[in-house]
Amino acid sequence: AKFVYDFTEGNKDLKDLLGGKGANLAEMTNLGLPVPPGFTITTEACKTYLDSGEEPAALRDEVSAHLDALEVTMGKKLGQADDPLLVSVRSGAKFSMPGMMDTVLNIGLSDKSVQGLAKQAGDDRFAWDSYRRLIQMFGKTVLGVDGDLFEEALEAAKTAKKVAVDTELEAADLKKLVTKFKKIVKTEAGRDFPQDPREQMDLAIKAVFESWNGERAKLYRRQERIPHDLGTAVNVCSMVFGNLGPDSGTGVAFTRDPASGHQGVYGDYLQNAQGEDVVAGIRNTVALADLEQIDKKSYDQLMQIMETLENHYLDLCDIEFTIERGQLWMLQTRVGKRTAGAAFRIATQLVDQGLIDEAEALQRVTGAQLAQLMFPRFDDEAKVEKVGRGIAASPGAAVGKAVFDSYTAVKWSRSGEKVILVRRETNPDDLDGMIAAEGILTSRGGKTSHAAVVARGMGKTCVCGAEELEVDTKRRRMTVPGGHVVEEGDVISIDGSSGKVYLGEVPVVPSPVVEYFEGRMHAGAEDADELVEAVHRIMAFADRKRRLRVRANADNAEDALRARRFGAQGIGLCRTEHMFLGDRRELVERLILADTEAVREESLKELLPLQKQDFVQLFESMDGLPVTVRLLDPPLHEFLPDITELSVRVALAESRQEPHENELRLLQAVHRLHEQNPMLGLRGVRLGLVIPGLFTMQVRAIAEAAAERKAAKGDPRAEIMIPLVGTVQELEIVREEADQVIAEVEAATGAKLKLSIGTMIELPRAALTAGQIAEAAEFFSFGTNDLTQTVWGFSRDDVEASFFTAYLEKGIFGVSPFETIDKDGVGSLVAAAAKAGRATRPDLKLGVCGEHGGDPESVHFFHEVGLDYVSCSPFRIPVARLEAGRAAS
Ligand code: ADP
Ligand code: MG
Ligand code: MG
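Being a predicted model, the structure only gives us computed values, none of them experimental. (Residues numbered from 1 in each chain as written. Chains lettered and ligands numbered in written order. Predicted model: local features only at pLDDT ≥ 70, side-chain atom pairs only at ≥ 80, totals over all residues.)

Student: Which parts of the structure should I look at to understand the overall build of the protein?
Tutor: A count of helical and extended segments in the protein gives 36 helices and 31 strands. Each principal axis of the C-alpha distribution contributes one length, and for the protein these read about 105 × 65 × 55 Å. A total of 889 residues make up the protein; the buried ones form 51% of that total. Intrachain contacts of the protein at a sequence separation of at least 6 include 68% that bridge at least 24 residues. (Helix = DSSP H or I, 4+ residues; strand = E, 2+ residues; numbered from the N terminus. Buried ≥ 20, exposed ≤ 12 C-beta atoms within 10 Å, placed from the backbone. Contact = placed C-beta atoms within 7 Å.)

Student: I'm lost on the environment of Phe404 in this one. Help?
Tutor: You can see Phe404 is positioned in the loop between β14 (397-403) and α16 (406-414). Residues Phe404 and Val419 lie 15 residues apart in sequence; the distance between their C-alpha atoms is 9.8 Å. Residue contacts for Phe404: discarding those within four places in its chain leaves Val422, Thr473, Arg476 and Glu488.

Student: Got a minute to help me understand the site of ligand 1 in this structure?
Tutor: Within the structure, ligand 1 sits among 16 residues, and Ser88, Arg90, Thr103, Gly275 and Glu320 are positioned closest to it. Where the shell around ligand 1 is concerned, the elements lending two or more residues are β3 (87-93), β4 (103-107), β5 (232-238), β9 (317-324) and β10 (327-335). For the shell around ligand 1, a count of residues per class yields 6 nonpolar, 7 polar and 3 charged. Here the shell around ligand 1 spans two domains, since at least three of its residues come from each of domain 1 (4-238) and domain 2 (249-335). (Near = placed C-beta within 6 Å. Nonpolar A, V, L, I, M, F, W, Y, C, P; charged D, E, K, R; others polar. Domains from an automatic or database assignment.)

Student: I'm lost on the packing of helix α6 (residues 147-161) against helix α7 (residues 171-189) in this one. Help?
Tutor: One can describe the packing of α6 onto α7 by two numbers: an axis separation of 10 Å at closest approach and a directional angle of 150°. By the angle between their axes, α6 is roughly antiparallel relative to α7. Helix-helix and strand crossings are classified by hand; for α6 and α7 the assignment is right-handed. Contacts between α6 and α7 involve Leu149, Phe150, Ala153, Leu154, Ala157 and Lys161 from the first element and Asp173, Leu177, Lys180, Phe181, Ile184 and Glu188 from the second. Among the residues forming the contact of α6 with α7, the class breakdown is 8 nonpolar, no polar and 4 charged. (Axes fitted to C-alpha atoms, helices over the stretch in contact; angles between N-to-C directions. Parallel < 35°, antiparallel > 145°, perpendicular 65-115°, else oblique. Left-handed = near helix turned anticlockwise from the far one by under 90°.)

Student: Quick question: what am I supposed to make of the environment of Leu867 here?
Tutor: With respect to the helices, strands and loops of the structure, Leu867 is situated in the loop between α35 (856-864) and β31 (869-872). Distance from Leu867 to Val848, taken between C-alpha atoms, is 7.8 Å for residues 19 residues apart in sequence. Apart from residues lying up to four places away in sequence, Leu867 is in contact with Leu548, Ala834, Leu846, Gly847, Val848 and Phe862.

Student: Could you clarify how one ought to interpret the sheet that holds β4 in this entry?
Tutor: The pairing of strands in a sheet comes from backbone hydrogen bonds and takes either a parallel or an antiparallel form. The 5 strands lie next to each other as β1-β2-β5-β3-β4, forming an open sheet whose pairing is antiparallel. Of all the strands in the sheet, just β1 (4-6) and β4 have a single pairing partner and so form its edges. Neighbour-to-neighbour, the strand axes of this sheet turn through a mean angle of 20°, independent of strand direction. The sheet contact formed by β1 and strand β2 (residues 38-41) spans 3 bridges and is antiparallel. Residue pairing for β2: Val4 is matched across the bridge by Ile41. (Pairing = 2+ DSSP bridges.)

Student: How should the domain arrangement of the protein be read in this particular structure?
Tutor: When the parts come together, some accessible area is lost, and that loss is often what is quoted as the size of the interface. Taken domain by domain, the protein comprises domain 1 (4-238), domain 2 (249-335), domain 3 (340-371 + 513-538), domain 4 (377-509) and domain 5 (546-635 + 675-888). Distance from the C-alpha centre of domain 1 to the C-alpha centre of domain 3: 41 Å.

Student: Teacher, can you tell me more about the nonpolar core here?
Tutor: Grouped burial of nonpolar side chains is what soluble globular proteins tend to show. One finds Ile538 and Ile702 to be the most contacted residues of the largest nonpolar core, which totals 254 residues. The element best represented in this core is helix α27 (residues 694-711), accounting for 10 residues. Once you skip the residues sitting within four places of it in the chain, Ile538 turns out to touch Phe344, Ala347, Thr348, Ala361, Leu362 and Val365. (Core = buried A, V, L, I, M, F, W, Y, C linked by C-beta atoms within 7 Å.)

Student: Got a minute to help me understand the pairing of β14 in this structure?
Tutor: Remark: a regular strand shows side chains that alternate across the two faces of the sheet. Extensive coverage of β14 is indicated by the burial of 7 of its 7 residues. Here β14 pairs with strand β21 (residues 491-495) via 5 bridges, running antiparallel. Residue pairing in the sheet places Val399 in a bridge with Ser493 of β21. With 3 bridges joining them, β14 and strand β15 (residues 419-423) adopt parallel strand pairing. Of the residues in β15, the one forming a bridge with Val403 is Leu421.

Student: Mind showing me how you'd approach the sheet that holds strand β17 (residues 461-464) here?
Tutor: Taken in spatial order, the 8 strands make up an open sheet running β12-β22-β21-β14-β15-β16-β17-β13, and their pairing is mixed. Taken across any chain shown, the strands that pair with only one partner, and hence form the sheet edges, are β12 (385-389) and β13 (391-394). When strand polarity is set aside, the average angle formed by the axes of neighbouring strands in this sheet is 30°. Contacting β14 and β15, α16 crosses the sheet at an angle of about 180° to β15.

Student: Just checking my understanding: could you explain the packing of helix α23 (residues 597-621) against α27 for this structure?
Tutor: Angle between the axes and distance between the axes: these two values describe a pair of packed helices. Packing of α23 against α27 leaves a shortest axis separation of 8 Å and a crossing angle of 45°. As judged from the angle between their axes, α23 and α27 are oblique. Considering how the two elements wind past one another, α23 and α27 form a crossing that is right-handed. Residue-level inspection shows Leu604, Leu607, Leu608, Gln611, Lys612, Phe615, Val616, Phe619 and Glu620 of α23 in contact with α27, the latter providing Met697, Gln698, Arg700, Ala701, Ile702, Glu704, Ala705, Ala706, Glu708 and Arg709.

Here it is as structure tokens:
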């Protein structure tokens, strides 16, 4: 295999091999944009290295060959004493992992070549500044020295010189700092800073490889569900210098606003600076628009390049660039991260610009983003004290207790507190705290700061650069304008959509997108209108494309009506057990405990009209659309009194010598019916088979309700679903009785009801014998919750809290199988059962009614295996519609 690609050899579609950064550097090179020459070491090389723990011999040779070629192109050798070629060694995986991996700049500088660089540039200060940066970055990321030691030494140098910023340090100061830094390296790493440039490069490459398995990187991947076996590529890129004086600098830019999607000039620029100075907020950046005054020629060129990139990538791009003495260089681009709202707006804007079509627009948004837009927001009307305003970096409304360090954020959130992580700025060490927090607030840094980028990626509320707030992390407090002090533990609220910061708890209101789905959208803020418009159009695209129908899990008319407003095309699961709670519980208790035919029939007779009324309302609310009613499912004990409580009552009555015959009888019955493992006990169809008349009563209620709706000129479309079937014989018995009841109702009312009868497939045996079961079922609905429990053999109620975290941490699953369908196990059973069922009965209707019906990834799977519909909770319906549309385009 080829381990190294020159920038001229790659392209943007080689992200698997070259990583995102490398693939896009190659793409820009081939577009003719000014990219400093270099080459990329592949992810394959990284994987080989990580697997074997050593560098493959072929890799070393290829690197040497490419370095030679680079030296020829540049007309100088790496680290050459009188005129050194310097390079950066940059990580870059397939998926961008902001701030997670390590990059080292200025490789090739040594005690000798620093002199040569100074002479060539005619600038001593610059050369020593570059050298101290190299030792600092190399020391920290390659040799593992605590970065704070360098920072402290730098601070000390500034203090000694009585200056505020690093640019005011002169060559002599920096030279002293280099000596200091080298000492730090020697003491902390137990070795000298390497003077051989090739050794520097090789060590840096290895360090990048190894950073793939660093704790921070692993944590980020788990969060973002990025597979652990991709490896990272390494880019070796010849250096250009933004720290060569005021006519030099470095910056970041977006081709559109990543928060709103609006076109314009968005970015930050910093004069006389190198690389990460911008993102880290070392000095205050200026707005990108100001570059026009500073260096018009470079500014114009940058604007033009940005347009080229947008038209080429057909999407919002973000960019890193450096200006070296008036010459512009492109150092990175990628399709930029954006907020959920911006994703919808950008997708429709690009359609309007004729750059992409509807199908492509659907690929530019996700169900997860839509779900995010359905979160509530702060109430603008609420009388609260606004104390600051920063940059709206990542939307959402977050309320919590202020904490000033990551450790406390994690600790408090573990004990159930909601916290807002407040920092001057964040860095990768804050990641745990950012994950634990409801939201993140910083007083420094712009839209491209670490806090902003990472929070957007996580979908977490973030306000950054709220400069009026004086954050004192040491004393764990912040001072707001006017002098009020927020101590650790005081509640604050932050609005990531407006950038506003409030004292105390601000009440929240529903999102405009939900208001839109509810049909209650009133023209509010202009911001909201634009978003709603975009969501409306994207949903229309999705509805046009999708093959899967989307139904709701709803048990009552109110939920059904909401589901309809959200676009439900029927009810996929109406659970009847809720209809037996409350006042009716006593009736059910009597039914279960009945020891004579007469008592049983009496209770059934009382339940019938109540059930019927439930269904009349439901069929009315879903008129014209299918409603799948599941006959009673839950374990019996849920309807009976608690065994301990009852025992106490009986014992008490006994000791007081009070009459307690009834309690005793009840207790005996409860004992008789007590189950060790009720989830695998007397439930579902089993219950229907042992309690005579229960299921037929429910079927009668459904049939009579349907007949009543027909008489009222309605269009009821009921489907009767039998739960927990394991063998076709169970279904046949229930079916026979049901058919008879339906015939009776039809005869009595003269209505032609056309009720269909089907079953849930939620036991492995049902799935394995689906071909037989389909003989007695007109439809299957996959109950993927129970199917997951029974296929894996774990009880959802118990395992999620006990060992799932450990499993997730160990990477046994990337995500809980209760959240996203386990394609290989449960999923393959679903696919096989669907196939076998249809082989028996070609017009068998197939759906899914577990939680998975509203999970984006699972929806794609159900589309692929050819189901007819998914059913999910009303609130997830828009997400399912969108994902079904995405799956089909
Ligand atoms: P990250 O993935 O964290 O953004 P990068 O590899 O992009 O890391 O590098 C960090 C910083 O160094 C960026 O600001 C980048 O523009 C800058 N940089 C990287 N390579 C060079 C180079 N060859 N010349 C000048 N600046 C560079
Ligand atoms: Mg970068
Ligand atoms: Mg079930």
